[in-house]
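A look at the structure
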Amino acid sequence: MKFILCLFVSILTIIPLQKKSLDKLIDPDKITFTILYNEVSAHDSIISDQGFSCLVEMPGYSILFDAGRIEEYLENNSRKIRINYHMVDFIFISHLHGDHVGGLPSIAEKCNQPVLYLPQSFPKNQTEKGREYAADKLKKAEPHVSKIININSALKIDSYCFSTGPIENQTN
């Protein structure tokens with residue numbers, strides 16, 4: 001859990017600035033982080049499992065960070081929390097392991113043609129079976145996104161959302 005949170009913070013950095021005026025800060029109370037998929041559940045109706053997904057909502061747009069391992073679990077949790085995927089502008093995948101891309105096809109289909117951000121390569125320690133699984137999930141999600149952006153270095157996603165890029169020595 002601690003590793004995933006650190007990875008989340010290191011890969012996706014959100015700087016709370018208004019789109020219209022970059023010198024004014026957004027009220028932090030208007031930025032919401034909703035954990036949709038995790039190894040720990042705060043309520044009995046939310047299914048816990050290995051993997052991660054978090055919806056980040058802020059004035060102007062929202063971004064889904066990762067898509068869990070089992071799509072039925074992610075869909076259940078999203079339904080229970082009442083997530084409106086039509087409002088998701090971006091989907092950001094931290095790394096191409098099954099526990100971060102499993103729900104991607106079904107969630108991308110529910111969104112309104114979001115932009116999909118992906119690391120340009122697979123993690124070094126991933127098995128061939130793991131690569132095939134992730135590649136299959138990406139292929140199924142592709143028709144439901146407006147664009148795929150492969151990340152190979154630090155990248156500005158939007159006016160106040162950035163990626164640090166791949167973590168050194170973790171991909172090939």
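For the structure, see preceding data.
All figures in this text were calculated on a predicted structure; none of them were measured in a lab. (Residues numbered from 1 in each chain as written. Predicted model: local features only at pLDDT ≥ 70, side-chain atom pairs only at ≥ 80, totals over all residues. Heavy atoms only, no water.)

Brief notes about the overall build of the protein chain
Scanning the protein chain from terminus to terminus reveals five helices and nine strands. Ordered by position from the N terminus, the helices and strands of the protein chain form the series α-β-β-β-β-α-β-α-α-β-α-β-β-β. In the form shown here, the protein chain has an accessible surface area of approximately 9,300 Å², with 52% of it arising from carbon and sulfur atoms. (Helix = DSSP H or I, 4+ residues; strand = E, 2+ residues; numbered from the N terminus. Areas by Shrake-Rupley, 256 points an atom, 1.4 Å probe, with all protein chains shown as cover.)

Some thoughts on the packing of aromatic side chains
In total, this model carries five aromatic pairs according to the counting rule given. With a centroid separation of 5.3 Å and an interplanar angle of 80°, the aromatic rings of Tyr61 and Phe90 are classed as edge-to-face. Pair noted here: Tyr61 is in strand β4 (residues 61-65) and Phe90 is in strand β5 (residues 90-92), with a separation of 29 residues, a long-range link. Ring pairing ties together the aromatic residues Phe52, Tyr61, Phe65, Phe90, Phe92 and Tyr117, which thus form one cluster. (Phe/Tyr/Trp six-rings, centres within 6.5 Å; stacked < 30°, edge-to-face > 60°.)

Description of the pairing of strand β8 (residues 155-158)
Across three bridges, the pairing between β8 and strand β9 (residues 161-163) is antiparallel. Its bridge partner lying in β9, Lys156 is registered against Phe162. Once β8 ends, the chain turns through two residues before running back antiparallel as β9. (Pairing = 2+ DSSP bridges.)

So, the sheet that holds strand β3 (residues 53-58)
Strand order in the open sheet formed by six strands is β2-β3-β4-β5-β6-β7, and the pairing between neighbours is mixed. A single partner strand is all that each edge strand has here, and the edge strands are β2 (32-37) and β7 (147-151). Direction aside, the axes of adjacent strands within the sheet are offset by 20° on average. Sheet strands touched by helix α2 (residues 71-81): β2 and β3. Its angle to β2, the strand with the most contacts, is close to 140°. (Axes fitted to C-alpha atoms, helices over the stretch in contact; angles between N-to-C directions. Contact = heavy atoms within 4.5 Å.)

Points about the nonpolar core
Counting residues in hydrophobic clusters, the biggest one holds 23 residues, and the most contacted among them are Leu64, Tyr85, Ile91, Ile93 and Leu104. Of all the secondary-structure elements, those providing two or more residues to this core are β2, α4 (104-110), β6 (115-119) and α5 (128-141). Every residue in contact with Leu104, bar those within four places of it in the chain, is listed here: Ala67, Ile91, Ile93, Leu116, Lys137, Leu138 and Ala141. (Core = buried A, V, L, I, M, F, W, Y, C linked by side-chain atoms within 4.5 Å. Buried < 20%, exposed > 50% of the residue type's maximum accessible area, 1.4 Å probe, protein only.)

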